[in-house]
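Each chain, letter by letter, is given below.
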Amino acid sequence: KRFSSTISGLDASKVKVTKSQVLKPLVANKDLVFGHTFTDHMITADWNEEKGWLAPEIRPYENLSLAPSTVVFHYASECFEGMKAYKDKKGNIRLFRPDMNMARMNRSTARIALPQFDGDELLKLIGEYTKMDSRWIPNERGYSLYLRPTMIGTQEALGVNPPSNAKLFVIGCPVGPYYKTGFAAIKLMATTEYVRAWPRGTGDAKIGGNYAPGLLPQRLAAARGSQQNLWLFGDDHQLTEVGAMNLFLLWKNESNELELVTPPLDGSILPGVTRDSILSLAREWNEFKVTERKLTMPELREAIKQGRVKEVFGAGTACIVSPIKTIEYLGEDLAIPLDPYDSTSQAGPYTKRFSDEIMDIQYGDKESPWSVVV
Ligand code: PMP
């Protein structure tokens, strides 16, 4: 029934707009804390199995009212996206490869039996919403409006079944540069006790259920002085991801070739928009080999000890790149070089270059089809 063509799809032209009566005071750029301040409005749209998507709304940011029996509270029927709106020098609002977020969200909803939606229609709504709340998009490089599209199952019934009702919403929060005073290289704990994701599991979907189980390992890593977990998989300790970021390694491989390596999208890795962008840029530069392949901790440890590892970094929307300086593995601290030419630098030259190039595109300083003016 839910896939029948008579039910209606998400339609941005039907949007009902209700402006907030009282606008909140803006927060000064320097006081922004990631994910703590929200704009005046939000997008919502409800879906049910009989009618499909009802008319979407842009309305004041406010609490949702949900029955305690609502499925999302019991079986984690939830998926989300993370993307940003940027203001360029002319004041235009830009999104970065937003079609990739829409496609990924539809793959996430499919994985947890929530409904599909037309990504182009949600992007139209996001465009209207970001224009309405544009005063919240800081006008400064490094700053942006973080957007959180979310879908939850809203059927009011206990019972492990595909939800008959769902709600889509988008909220936005102004955010600053991840590193206020330039890059800060981090230490990772190579986590051998807990696994984030596994083959044919849900690691490649951006669902809430993937994140709560990472919090205990994160706390344990923090207690030992690491900022993030380096998630491993399998008895051979394959590297997979870093916290909520994809992982990149620049090294001299066994054949003495300079090579950028990232683990392959084997189903247990989130296909990051930043990951894809870094791979594309690297292939365009054509200055070193670019490989998506399995890599194990013993291999990495040996390469570090032989001085073959040049740069290691995490990659994601929040920070673009996050340079890594140390990995604790089986009780041993492995040191990763940062910048061979500058001992005070917190990021390697290629790590910086990826960050600069992506930022230039995001802020419209470099023309690219990846940057979409709303
Ligand atoms: N891996 C995980 C587990 C994540 O949550 C994220 C953040 N979305 C990423 C990687 C990076 O993805 P993106 O570049 O699309 O932000």
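Being a predicted model, the structure only gives us computed values, none of them experimental. (Residues numbered from 1 in each chain as written. Predicted model: local features only at pLDDT ≥ 70, side-chain atom pairs only at ≥ 80, totals over all residues. Heavy atoms only, no water.)

### What about the site of the ligand?
By nearness alone, 15 residues border the ligand, and Lys206, Tyr211, Glu241, Thr274 and Thr317 come closest of all. At a separation of 2.5 Å, a nitrogen atom of the ligand approaches a polar side-chain atom of Glu241. A distance of 2.6 Å is found between an oxygen atom of the ligand and a side-chain nitrogen or oxygen belonging to Thr274. For the ligand, whose unbound accessible area comes to 380 Å², protein coverage reaches 96%. Counting only elements with at least two residues in the shell around the ligand, the list comes to β13 (245–252), α5 (273–285) and β16 (309–316). (Near = heavy atom within 4 Å. Polar contact = N/O pair within 3.5 Å; in protein donor to acceptor, adjacent residues only side chain to side chain. Areas by Shrake-Rupley, 256 points an atom, 1.4 Å probe, with all protein chains shown as cover. Helix = DSSP H or I, 4+ residues; strand = E, 2+ residues; numbered from the N terminus.)

### Describing a nonpolar patch on the surface
A cluster of nonpolar side chains, namely Tyr75, Leu158 and Val160, defines an oily patch on the protein surface of about 340 Å² accessible area. The topology assignment puts Tyr75 in helix α1 (residues 72–75). (Patch = residues over 30% accessible without salt bridge, like charges linked within 9 Å, V, L, I, M, F, W, Y side chains within 5 Å. Salt bridge = Lys/Arg side-chain N within 4 Å of Asp/Glu carboxyl O.)

### With respect to the packing of α5 against helix α7 (residues 349–362)
For the pair α5 and α7, interaxial distance at closest approach is 11 Å and the crossing angle is 105°. As judged from the angle between their axes, α5 and α7 are roughly perpendicular. Of α7, the residues touching α5 (which contributes Thr274, Ser277, Ile278, Leu281, Ala282 and Trp285) are Tyr350, Arg353, Phe354, Glu357 and Ile358. (Axes fitted to C-alpha atoms, helices over the stretch in contact; angles between N-to-C directions. Parallel < 35°, antiparallel > 145°, perpendicular 65-115°, else oblique. Contact = heavy atoms within 4.5 Å.)

### Quick look at the nonpolar core
With 33 residues, the main nonpolar core has Leu122, Ile126 and Met151 as its most contacted residues. When residues of this core are traced back to their parent elements, those giving at least two are β2 (41–48), β6 (83–87), β7 (93–96), α2 (98–111), α3 (119–132), β8 (144–153) and β9 (165–175). With 5 residues, α3 is the largest single contributor of residues to this core. Here Leu122 is in contact with Leu10, Met102, Phe117, Leu168 and Val170, once residues within four sequence places are set aside. The next biggest cluster of nonpolar side chains, apart from the first, holds 26 residues, and it includes Leu188, Leu247, Leu300 and Cys319. (Core = buried A, V, L, I, M, F, W, Y, C linked by side-chain atoms within 4.5 Å. Buried < 20%, exposed > 50% of the residue type's maximum accessible area, 1.4 Å probe, protein only.)

### Details of the pattern of salt bridges
Applying the stated criterion across every chain yields a total of 26 salt bridges. With a closest N to O distance of 2.7 Å, Glu121 and Lys124 form a salt bridge. Taken together, the positions of Glu121 and Lys124, both in helix α3 and 3 residues apart, correspond to about one turn of that helix. Using a relative accessible area of 12% as the deciding quantity, one classes Glu121 as buried. Its relative accessible area of 48% is what places Lys124 among the partly exposed residues. Glu292 is paired through a salt bridge with Arg283; the nearest N and O atoms lie 3.0 Å apart. Taking the relative accessible area as the measure of exposure, Arg283 reaches 44% and is therefore partly exposed. Salt bridges sharing common partners tie together Lys89, Arg141, Asp360 and Asp365.

### Structural notes on the environment of Leu95
By secondary structure assignment, the location of Leu95 is in strand β7. Given a relative accessible area of 3%, Leu95 falls into the buried group. Spatially, the C-alpha atoms of Leu95 and Arg283 are 23 Å apart, while their sequence positions differ by 188 residues.

### Observations concerning the packing of aromatic side chains
Summed over all chains, the structure comprises 10 aromatic pairs. Aromatic side chains Trp285 and Phe354 sit 4.6 Å apart centroid to centroid with 20° between the ring planes, which places their arrangement in the stacked category. Placement of Trp285 in helix α5 and of Phe354 in helix α7 is noted, with a sequence separation of 69 residues between them. On the accessibility criterion, Trp285 (12% relative accessible area) is buried. (Phe/Tyr/Trp six-rings, centres within 6.5 Å; stacked < 30°, edge-to-face > 60°.)

### Remarks on the environment of Val321
Summarising the element assignment, Val321 is placed in strand β17 (residues 320–329). Along the chain, Val321 and Ala347 lie 26 residues apart, while their C-alpha atoms are 9.3 Å from each other. Other than its neighbours up to four places away in sequence, Val321 contacts Tyr179, Phe183, Ile278, Phe313, Gly314, Ala315, Thr351, Phe354 and Ser355.

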